[in-house]
Structures are given as C-alpha cells and as structure tokens.
Amino acid sequence: MSLNTLFVCCIWLYLFHYSVEARVRHYNFDVEYMIKKPDCLEHVVMGINGQFPGPTIRAEVGDTLDIALTNKLHTEGTVIHWHGIRQVGTPWADGTAAISQCAINPGETFHYRFIVDRPGTYFYHGHYGMQRASGLYGSLIVDLPKGQNESFHYDGEFNLLLSDFYHTNSHEQEVGLSSKPMRWIGEPQTLLINGRGQFNCSVAAKFINTTLPQCKLKGGEECAPQILHVEPNKTYRIRIASTTSLASLNLAISNHKLIVVEADGNYVQPFSVDDLDIYSGESYSVLINTDQNPKKNYWLSIGVRGRKPNTPQGLTILNYKTISASVFPSSPPPITPLWNDLNHSKTFTKKIIAKMGTPQPPETSNRRILLLNTQNSFNGFTKWSINNVSLTLPTTPYLGSIKFKLNNTFDKNPPPETFPSDYDIFNPPVNPNTNIGNGVYMFQLGEVIDVILQNANQLSGNGSEIHPWHLHGHDFWVLGYGDGKFNEGDEKKFNLTHAPLRNTAVIFPYGWTALRFRADNPGVWAFHCHIEPHLHMGMGVIFAEGVDKVKKIPDQALACGITGKMFFNQGHY
Ligand SMILES: O=C1O[C@H]([C@@H](O)CO)C(O)=C1O
C-alpha cells in the first residue's frame, strides 16, 4: 500500500469514526391540531407533522438530536419533554414550560438540541397545561451503537405506545378540574395502542360479554389495530411505553409469556410473567417466543388497573404469518386482572430488580425528604398537595430565575422536607385546607438524596389512589415499597444490592416508596405525579442543583416573564 493510499485510508477511517461517534440527527416537528379518528370517531387531536401519535424518533447512543419544533397551534404555546432523557449539560432542553423554558409561542420555532447518552425505550410528550391529554406524544428509541449487541437475542421488534383517550378535549378537562366544585375527568373513553382504538365497536365482540357490535374493519382505517406479524419459533422484542393521562394498564398476550428485560431505559434481571402492569410514564421491553401453534392468531390486550374501570380493553392481534391476520383467535382475549387486585400489582413491581452489573446506590444518603401526598381543598377548589403545598408554576421559568438570581419570581422559602409525624394516612385529612406554592428543593451538587413518597387517604370517603411519580433529569434507585406509614426501621429493609434504576416509580394506595438519587445534573427538575389531571391540580415539586454551573441558556428559553424583561432592558431584543 502506498503512503498516499494509507493517508486517504486514515482520513476516511477518522471521518467514519467521527460520523459514527457524533452524529447529529435533524428533525423538523410542526405541532398542530388536526382532525383524526383515533377511536373510529372524529376528534381534534394534537399531533406532529400531520401524524398522531407524532413521528418515532430513532437514534443511537451518543447521537445529538436537533429538533426544530415549530408551534403551529393557532392560539396557545407549547413545549415537548423528552421523557427519560437526562439532558446532561442541556437542562434548557428538558421541555417543561415555566420550569426549564418559556412556552414556545404560536409561529415560533425552538431548537431542542441534546445528546441521547443511553440506549432504551423512551417517549416524548407535551409538558404545558394538559397538552399530553390532547395527544401530543410519540416514541423515542435509542439503540446501542452499531456493532454493539444487546445481552439478549431477538429476531425482530415492535414498538407499542399506549395511551388513553377522552372525548372531552383537554381545555374542557382543565377548566373542569380548576372549577369550584371540581369536575373530575372520569375514566377514559378508549384505550389506544399506537394511537388506535375502537370506541363504538369491539374487535372481539364475538368473544366477550359486550353490547358493542363486532367491528367491521378492513385494516386500512385510521382506527384499525396495528397487527404484530410474527414468524413461528422466533424471539421478538416488544417495546412498551405508557403515556396515559390517567389509566394504569395491564398488558398480556394470550398463550405467550413476557420476559421483562428493560424498564425505563435500564436493563433489569430478566423475569417471566403472564401479564405486565405499566403506569403512566413507564416503559418496558419484553421478549416473547413465538413457540405457540402457528395455525392460530393470538390477542394482545391492555386493560385498566387500579381504578374501577369503565373503559373496554384495547386490543390487537399477534399474527403468525403462517396464516392470514384476519383469522380470529380461537379464544377470548386475556382477562385483565381485577382492577383492585393490588397484590397482583405489588408482586409484579417487586420482581423488577437491577440486572447484574448495574451501578448500585451509595450506601447512605446525605439528606432525606419525606413527601406526603394528599388531596386537599383550597378555597373550595380541589387540589393535590405535597407536604401541604400544591404546586402552581411561576410565570418566569425557574431555570433562568435561579441562574440569574432573580428576586420575587418564586417563593424563596424552600418547601417542607417532612410532614407531622402524627398525620393519619388512613383517614381523610382532619384539616383539608392546603397552601398554594412554588418553592424549590435546592440540593448541593452531588448530594445523595433519599425521597420517601408517602401515600394517604383521599379528601373524602375511604380510598387511596395509585400515583406514578416521574423524575426529570435523573434516574433514581428504587430502594423499596411498603404498606402503611414509613417508619424509621423500614430503612433497614432498603434494597441496596439490586435496586432497579428508573425514572418513574409508583406509590401504592396507603403505602410508601423509597427512592435514592445523586443530585449531580445541574438544572431545575420537575418531580411529579405523571397522572395528567393530578399534575394540573398541583401534584408535583421542583428540585434544583448546581444551577450556577449551567452554561449559556438559549435566549429563546428565557424570553418570557422577568427574564424576558431583563433581556429587553439590556437591549437584546
Ligand atoms: O383527583 C381525583 O379526583 C377524583 C376523586 O377523588 C374526586 O372526584 C379522582 O378519582 C381523582 O383521582
């Protein structure tokens, strides 16, 4: 080989390596309302580039995503949150209105530019008002870099984005929730799998006890189920993410075991189940073996758990390609476990432990925060509160406020780190009145934080609900779940050896969940119940760490409230 050829080769190798290492993927996302038929009836939904759900983003570890998001809504702002992406070094791209950035005005474009640093199954969704409930969501999948293989084998994969759908639009829902007395949104009308469901018919009417007629779908309709076509005797990876407004779901495939291998972008010790619970904000990968009778098709079902359901199952078909997809399965769809069979849910949740080799939590924490979740009233409005503070977001986003040390943009008194030790979690609050607030839990950069989420009885009557809590900017280790009130001794039962890493964790009715994380990501991060109406009613808190280390925040993220005025006065605009 001549020197010249060697030189060209080296350059080529360098460029190839560079392009593999640091690929930038550009997307243009136009957010708009559009008329669609997600459940066979016509509705106005929020979508992207004419699609509902929005386009799937597929990238490789280390890629930079550059998403030019244009707000094509006529009269309201928007933002998009990249759920599960930690935004290391780019906290302004987390897509939380009033927290990490100003909402993007109609007609304006905001560039979300961030690195996807870990493989996994993620999704994105609106994080302004209740826009997620309008349908502003899509999948985000990060693959291992080319040439690297997963530790498990699979021959093909499917991606299922689960959601629940309401016939009242999100504005009407917001107004009802903020009214006096509060008007609850009720249960969803339809469950959607990849944006498809059936409201006025059932694809399994022949098999189940229903008044709904059998659907007469040809397959090309917008609401026709997306069929999973498989070959016999193969292994498939099914990615599952839930972006529901309210519903906790249970997914099952008749006759097929699900081997859980990933949760929220983290590998878990594989385990096999007949059905899987998934709460809003969570994601999983399961493997299935297509080792069943290849002359049959099988149902895939999702059904509501945790609340008394009033919504039919969402259904699609696992089609063995050996036969036509239009052949009906020979038996009814899987029966969703009873909505109030909490033990079933707890058993599933406790099976999730970290895959060997996953970094484990520090043995101790620097600070413990106990967060009591209660439903309260405020001047006759119904609210959800954390340590008796119901979150109402400020007009100036926190990130700019804290970075520029602005006064009077939010409550500078930090919220309480605990609640009265005699609080009776098993009964409605003795004093139902709450406070409205927007203070911040400020952490030292690198501090190890324990959060104990404590559930309690609702405002009136006897009952306690499921709340899936989602943390922005970090994964946390789930140290344990317990029934009743958290006691000092419970700490001894923490799992410090196989604690799974996640970004969303559920608190069970009348129970507690313990989490640990390192506050090592400079920024301001929301931590909240992922149930859309609950967040709207104040069920969240704000964490911040190392904001002085945050590099230049794009002007556009700051162009509102007091930070906007600051720029205006400095002649920036
Ligand atoms: O926040 C909620 O309010 C209702 C109910 O508690 C009052 O109508 C409900 O089921 C919620 O989850």
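Thresholds, definitions, all that
- Residues numbered from 1 in each chain as written.
- Predicted model: local features only at pLDDT ≥ 70, side-chain atom pairs only at ≥ 80, totals over all residues.
- Heavy atoms only, no water.
- UniProt positions renumbered as here; feature names shortened; annotations may be inferred.
- Buried < 20%, exposed > 50% of the residue type's maximum accessible area, 1.4 Å probe, protein only.
- Helix = DSSP H or I, 4+ residues; strand = E, 2+ residues; numbered from the N terminus.
- Arc of directions from axis to C-beta.
- Near = heavy atom within 4 Å.
- Polar contact = N/O pair within 3.5 Å; in protein donor to acceptor, adjacent residues only side chain to side chain.
- Nonpolar A, V, L, I, M, F, W, Y, C, P; charged D, E, K, R; others polar.
- Pairing = 2+ DSSP bridges.
- Axes fitted to C-alpha atoms, helices over the stretch in contact; angles between N-to-C directions.
- Core = buried A, V, L, I, M, F, W, Y, C linked by side-chain atoms within 4.5 Å.
- Domains from an automatic or database assignment.
- Contact = heavy atoms within 4.5 Å.
- pLDDT = per-residue confidence, 0-100.
- Buried area = accessible area lost by both parts, 1.4 Å probe.
- Salt bridge = Lys/Arg side-chain N within 4 Å of Asp/Glu carboxyl O.

- The chain carries the name L-ascorbate oxidase in an unreviewed UniProt entry, which gives Lupinus albus as its organism.
- According to UniProt, the comment filed for the chain under the heading Sequence similarities (unreviewed entry) is "Belongs to the multicopper oxidase family."
- According to UniProt, the comment filed for the chain under the heading Function (unreviewed entry) is "May be involved in a redox system involving ascorbic acid."

1. Quick word on helix α3 (residues 342–350)
Thinking step 1. Turning to α3, its buried residues are S345, K346, F348 and T349. The buried side chains of α3 occupy one side of the element, clustering within an arc of 160° when seen end-on.

2. Here we look at the site of the ligand
Thinking step 1. Neighbouring the ligand are M182, W184, R307, Q375, W384, E465, H534 and M537.
Thinking step 2. At 2.5 Å, a side-chain N or O of R307 approaches an oxygen atom of the ligand.
Thinking step 3. Measuring from an oxygen atom of the ligand, one finds a side-chain N or O atom of W384 at 2.9 Å.
Thinking step 4. Split into classes, the residues belonging to the shell around the ligand amount to four nonpolar, two polar and two charged.

3. What to know about the sheet that holds strand β8 (residues 137–143)
Thinking step 1. Across the sheet, four strands lie side by side as β3-β8-β7-β5; this open sheet has mixed pairing. Every other strand in the sheet has two partners, leaving β3 (57–60) and β5 (80–83) as the edge strands with one partner each. For this sheet, the mean angle separating the axes of adjacent strands, direction not counted, is 20°.
Thinking step 2. Across four bridges, β5 lies against strand β7 (residues 120–126) in antiparallel orientation. Bridge pairing in β7 places H81 opposite H125.

4. Focus: the UniProt feature "domain: Plastocyanin-like" (unreviewed entry) in the chain
Thinking step 1. Within this numbering scheme, the UniProt entry marks residues 32–144, 158–321 and 431–546 as carrying the feature "domain: Plastocyanin-like" (unreviewed entry).
Thinking step 2. Helix makes up 0% of residues 32–144 and strand 42%, with an end-to-end C-alpha separation of 32 Å.

5. Quick notes on the nonpolar core
Most often, soluble globular proteins keep nonpolar side chains buried together rather than apart.
Thinking step 1. Within the largest apolar cluster, 45 residues are counted, with the highest numbers of intra-cluster contacts made by W82, Y112 and L140.
Thinking step 2. Looking at this core, you find at least three residues from each of domain 1 (20–143) and domain 3 (367–567).
Thinking step 3. Not counting residues up to four positions away in its chain, the partners in contact with W82 are F29, I57, I67, Q87, A93, D94, Y112, F114, F123, Y124 and L140.
Thinking step 4. Formed by 36 residues, the second largest nonpolar core is a distinct cluster that contains A133, Y441, F476 and L515.

6. Observations regarding the pairing of strand β12 (residues 235–242)
Thinking step 1. Among the eight residues that make up β12, eight are buried, leaving the element largely enclosed by the rest of the structure.
Thinking step 2. By the alternation rule, side chains of β12 split into T235, R237, R239 and A241 and Y236, I238, I240 and S242, which are all buried.

7. Considerations on the confidence of the model for the chain
Thinking step 1. Put simply, the chain has an average pLDDT of 96, and 96% of its residues get 70 or more.
Thinking step 2. Overall, residues 5–19 carries pLDDT values under 50, and its contacts beyond four positions in sequence, including any with other chains, amount to one contact.
Thinking step 3. Among the prediction metrics, the complex's ipTM stands at 0.98, with pTM recorded as 0.96.

8. Points about the domain arrangement of the chain
Thinking step 1. Under the domain assignment, the chain is made up of domain 1 (20–143), domain 2 (156–344) and domain 3 (367–567).
Thinking step 2. Taken over C-alpha atoms, the centre of domain 1 sits 23 Å from the centre of domain 2.
Thinking step 3. Contacts between domain 1 and domain 2 engage 32 residues on the former and 42 residues on the latter.
Thinking step 4. Buried surface at the junction of domain 1 and domain 2, both sides included, amounts to about 2,700 Å², of which 54% is carbon and sulfur.
Thinking step 5. The largest share of the area that domain 1 buries against domain 2 comes from D39, T121 and M130, three residues that together contribute 23% of it.
Thinking step 6. At the boundary of domain 1 and domain 2, one finds two salt bridges.
Thinking step 7. Taking the shortest distance from any N to any O, the salt bridge between R239 and D143 comes out at 3.7 Å.
Thinking step 8. At the junction of domain 1 with domain 2, the criterion picks out 21 residue pairs in polar contact (both at pLDDT 80 or more).
Thinking step 9. Taken together, the elements giving at least two residues each to the side of domain 1 that touches domain 2 come down to β1 (24–36), β2 (43–48), β7 and β8.

9. Considering the sheet that holds strand β13 (residues 248–253)
Thinking step 1. The mixed open sheet is built from five strands, whose spatial order is β11-β19-β18-β13-β16. If you trace the sheet from one side to the other, it starts and ends with β11 (228–230) and β16 (275–278), each paired once. Each neighbouring strand pair of the sheet contributes to a mean axis angle of 20°, computed without reference to strand direction.
Thinking step 2. Bridge analysis of β11 against strand β19 (residues 314–320) gives three bridges, and the strand direction is parallel. When the bridges of β19 are listed, V230 appears paired with Y320.

10. Some thoughts on the pairing of β8
Thinking step 1. Taking burial as the measure, the seven residues of β8 include six buried ones, the bulk of the element.
Thinking step 2. Note: β3 against β8, four bridges, orientation parallel. Within the sheet, the bridge partner assigned to R58 lies in β8 and is I141.

11. Brief notes about the pattern of salt bridges
Thinking step 1. Throughout the structure, instances matching the rule amount to 30 salt bridges.
Thinking step 2. For R305, the salt bridge goes to D277, with nearest N and O atoms at 3.2 Å. Of the two residues, R305 sits in strand β18 (residues 297–305) while D277 sits in strand β16, which places them 28 residues apart along the sequence.
Thinking step 3. Residue D548 pairs with K549 through a salt bridge whose shortest N-O separation is 3.7 Å.
Thinking step 4. Three or more residues joined by partner-sharing salt bridges are found here, namely R58, D143, E157 and R239.

12. Examining helix α2 (residues 170–177)
Thinking step 1. Where α2 is concerned, the buried positions are S170, Q173, E174, G176 and L177. Each buried residue of α2 lies within a common arc of 165° when the element is viewed along its axis, so the set occupies one face. Opposite the buried face of α2, by more than 90 degrees, sit the exposed residues E172 and V175.
Thinking step 2. The N-capping residue of α2, defined by a side-chain oxygen 2.9 Å from the backbone nitrogen of H171, is N169.

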